[in-house]
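Structure assessment
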Amino acid sequence: MAIVRCQHLTFTNIEAVIFDKDGTLANSESFLIKLGQMRSHLLNLEVAGIEASLLPMFGLVGGHLNPAGALAVGSRRENEIAAAAYVAATGRDWVQSLAIAQTAFKAADQHFQRKADYTAVYPDALPCLRSLKTFSVKTAILSSDSTDNVEDFAQRYELEPYFDLLMGTELGLTKPDPRLLQQACAALEVEPAATLVVGDSSADLVMAKAAGAAGGIGATWGWAESFDLPDADVAIARWEEIEVLSAE
């Protein structure tokens, strides 16, 4: 149990901190831009003329990524369904449209092989993670990415000793459903009221609030485009602003 201080706010009796991955722990913007462009290109090969609509749908405008867009915030499944909807709008039936989107997404994956190689951990995260472990605070990654990718990210950057739970979203619940956070807390054997959430999107912070978490800390360092996080209890621009103190 610890005290966590962020700027003007102090959170007491904290037993766990749950982190988002992409944009929070992992520097993902460059990868996501390339991934969105590749998905759009491959879909355009199958459905000519669709690329111009897909790019802004994914949140890609002028080579920049919208940190609140589908690529940055949505799960893979949500992005597949969104892409399939654009395919279906060309007159194709839904089953065919979804199959086209899924095939293109799988083909795009082959161009990058191991995602973790393209999404390095922010080095400044390590002192914070070490500090949490020093005070025996439980930690987790809860990501809109797949659990396999979360585990591979942790393995690639030797983060496994710092985390008690590595959790993604598969075909079930997705952020900001509070049940997702409640499941993570149950796995950690802590109450949401004793848990902080650190994330870079409203999906993380709305989820935290709806689940009754002790607080939601908004991380703003992950994207080139400036953005607001109105649902955060406090928004921070540097890892050093998370100060972990003894509860004694």
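Residues numbered from 1 in each chain as written. Predicted model: local features only at pLDDT ≥ 70, side-chain atom pairs only at ≥ 80, totals over all residues. Heavy atoms only, no water.

1. Focus on the pairing of strand β3 (residues 16-19)
Threshold: Exposure categories follow from relative accessible area, calculated using a 1.4 Å probe and restricted to protein chains: below 20% of the type maximum is buried, above 50% is exposed, and the middle band is partly exposed. Each helix is a run of DSSP H or I of at least 4 residues and each strand a run of E of at least 2, with the numbering of both proceeding from the N terminus. Note: two strands are recorded as paired if DSSP finds a minimum of 2 bridges between them.
Neither face of β3 is exposed, since A16 and I18 on one face and V17 and F19 on the opposite face are all buried. As paired strands, β3 and strand β6 (residues 138-142) are joined by four bridges and run parallel to one another. Paired with I18 across the two strands is A140, which belongs to β6. The pairing of β3 with strand β8 (residues 195-199) spans four bridges and is classified as parallel. Bridge pairing links V17 to L196 in β8.

2. A word on the packing of helix α2 (residues 51-58) against helix α4 (residues 76-88)
Stated precisely, the cut-off is as follows: In this description, a line fitted to the C-alpha atoms serves as the axis of each element, helices being fitted only across the stretch in contact, and the angle between N-to-C directions of two axes falls anywhere from 0 to 180 degrees. In what follows, roughly perpendicular refers to angles from 65 to 115 degrees, roughly parallel to angles under 35, roughly antiparallel to angles over 145, and oblique to any angle outside these ranges. Definitions for this section: a left-handed crossing has its near helix turned counterclockwise from the far helix by less than a right angle. A right-handed crossing has that turn clockwise. Throughout, a contact is declared for two residues whenever any of their heavy atoms are within 4.5 Å. Note on residue categories: nonpolar means Ala, Val, Leu, Ile, Met, Phe, Trp, Tyr, Cys or Pro, charged means Asp, Glu, Lys or Arg, and polar means any other residue, Gly included.
Contact pair α2 / α4: the axes reach a minimum separation of 10 Å and the direction vectors enclose 150°. Relative to α4, α2 is oriented roughly antiparallel. Both α2 and α4 take part in a crossing whose hand is right-handed. Two secondary-structure elements touch here, α2 through S53, L54, M57 and F58 and α4 through N79, A82, A83 and Y86. Taken together, the residues of the contact of α2 with α4 break down into six nonpolar, two polar and no charged.

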